[in-house]
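Structural features, examined
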Amino acid sequence: MSTSEPLVRCEAVTHVYRDDTGAEVTALDGVDLTVHAGEAVALVGPSGAGKSTLLTLLAGLVRPTSGHVVVAGHDLGTLSERALLRVRATSLGVVLQSPGRNLLPYASARRNVAFAQRPARGSASGGTDEVDELLDAVGLLPRAGTAARHLSGGQQQRLALAVALAGNPPLLLADEPTSQLDRTTGETVLALMLQVRERRGTALVVVTHDAEVSRRLDVEHTILDGRLTTSARAGSGGAA
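Reference entry: report on the structure contained in this document. Note that the structure is predicted; figures quoted are calculated from it, not measured.

With that settled, consider the overall build of the protein. Each helix and strand in the protein was counted, giving seven helices and ten strands. Against the globule reference of 18 Å for 240 residues, the protein gives a C-alpha radius of gyration of 17 Å, in line with a compact fold. For the protein, the spread of C-alpha atoms along the principal axes amounts to about 45 × 45 × 40 Å. Across the 240 residues that make up the protein, the buried fraction comes to 50%. If you sum the accessible surface of the protein, you get close to 11,000 Å²; carbon and sulfur atoms cover 48% of it. The protein carries 23 positive and 25 negative side-chain charges, and their two centres are separated by 7 Å.

This is the structure:
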């Protein structure tokens, strides 16, 4: 990918699925979006507007019905499953709304991060120093040997962030990363994401209902009825 190109480019992206009754539902309708390296982007809008659908398309978890989703120079809709897995392993970090879905519940915190490092490193195991550095950054080094299922919800969310960042991806996607956390823990998670953006140049795309989270990011995009209706410069540009 040329450094002059956006890290993410969505062109006329439409996604249609069938609901439980078999009726077609248009979740996204002709969405255009660009995200540049190091940019912090908020996706806001009411529930059911299409925000999480767009995030799953950016993550390569589903393919668009039409249009193009290009991440790190790869058109995700045209890739084989094997190639798509490789892009997800090396170019993307994903934090889902329920932290347990990001984790190996019976593995220790340290093992979760080391396992997530493997595809990006191309080796059987991650570097212990790097793993412990990530755990320390999210405040979990003292719980490194604890199984993920025995961590609190807030600790699991912080571990999920460490796992998502383990391969040093250029793009971090987060779906409501603070919604199930108390204000203090949510602020910790947000600050960590912004620190990673500042230190590593990681681009952030964050689905959120929290106006404070959106305010702290660079750009706010609103999705209504599956359409990207606004693109407004948000508050302070992400200073932690």
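This paragraph deals with unusual backbone geometry. The phi dihedral of Ala12 falls on the positive side, at around 50°, and the residue is not glycine. Assignment of secondary structure puts Ala12 in strand 1 (residues 8-18). The backbone of Glu176 sits at a positive phi, close to 50°, despite the residue not being glycine. Mapped onto the fold, Glu176 is located in the loop between strand 7 (171-175) and helix 6 (183-200). Classification of Glu176 by relative accessible area gives buried; the value is 7%.

For the structure shown, the criterion picks out eleven salt bridges. When the shortest N-O distance is used, the salt bridge between Arg18 and Glu24 registers 3.4 Å. Glu24 carries the same exposure label as Arg18, and that label is exposed. The closest approach of N and O atoms between Glu187 and Arg216, which form a salt bridge, is 3.2 Å. Of this pair, Glu187 sits in helix 6 while Arg216 sits in the loop between helix 7 (211-215) and strand 9 (219-224), and the two are 29 residues apart along the sequence. Taking relative accessible area as the criterion, Glu187 reaches 33% and is therefore assigned partly exposed. In this structure, a network of salt bridges that share partners links the residues Glu187, Glu212, Arg215 and Arg216.

Counting residues in each nonpolar core, the largest one holds 37 residues, and the members touching the most others are Val113, Leu135, Leu159, Leu161, Leu172 and Met193. Breaking this core down by element, the ones donating at least two residues are strand 3 (40-44), helix 3 (109-121), helix 4 (128-137), helix 5 (153-165), strand 7, helix 6 and strand 8 (203-207). With seven residues, the top contributor of residues to this core is helix 5.

Rules behind the numbers
- Residues numbered from 1 in each chain as written.
- Predicted model: local features only at pLDDT ≥ 70, side-chain atom pairs only at ≥ 80, totals over all residues.
- Heavy atoms only, no water.
- Helix = DSSP H or I, 4+ residues; strand = E, 2+ residues; numbered from the N terminus.
- Rg over C-alpha atoms; globule rule 2.2 N^0.38 Å.
- Buried < 20%, exposed > 50% of the residue type's maximum accessible area, 1.4 Å probe, protein only.
- Areas by Shrake-Rupley, 256 points an atom, 1.4 Å probe, with all protein chains shown as cover.
- Lys, Arg positive; Asp, Glu negative; His and termini not counted.
- Charge placed at Lys NZ, Arg CZ, Asp CG, Glu CD.
- Salt bridge = Lys/Arg side-chain N within 4 Å of Asp/Glu carboxyl O.
- Core = buried A, V, L, I, M, F, W, Y, C linked by side-chain atoms within 4.5 Å.

Function cannot be read off these values alone, since they describe shape.
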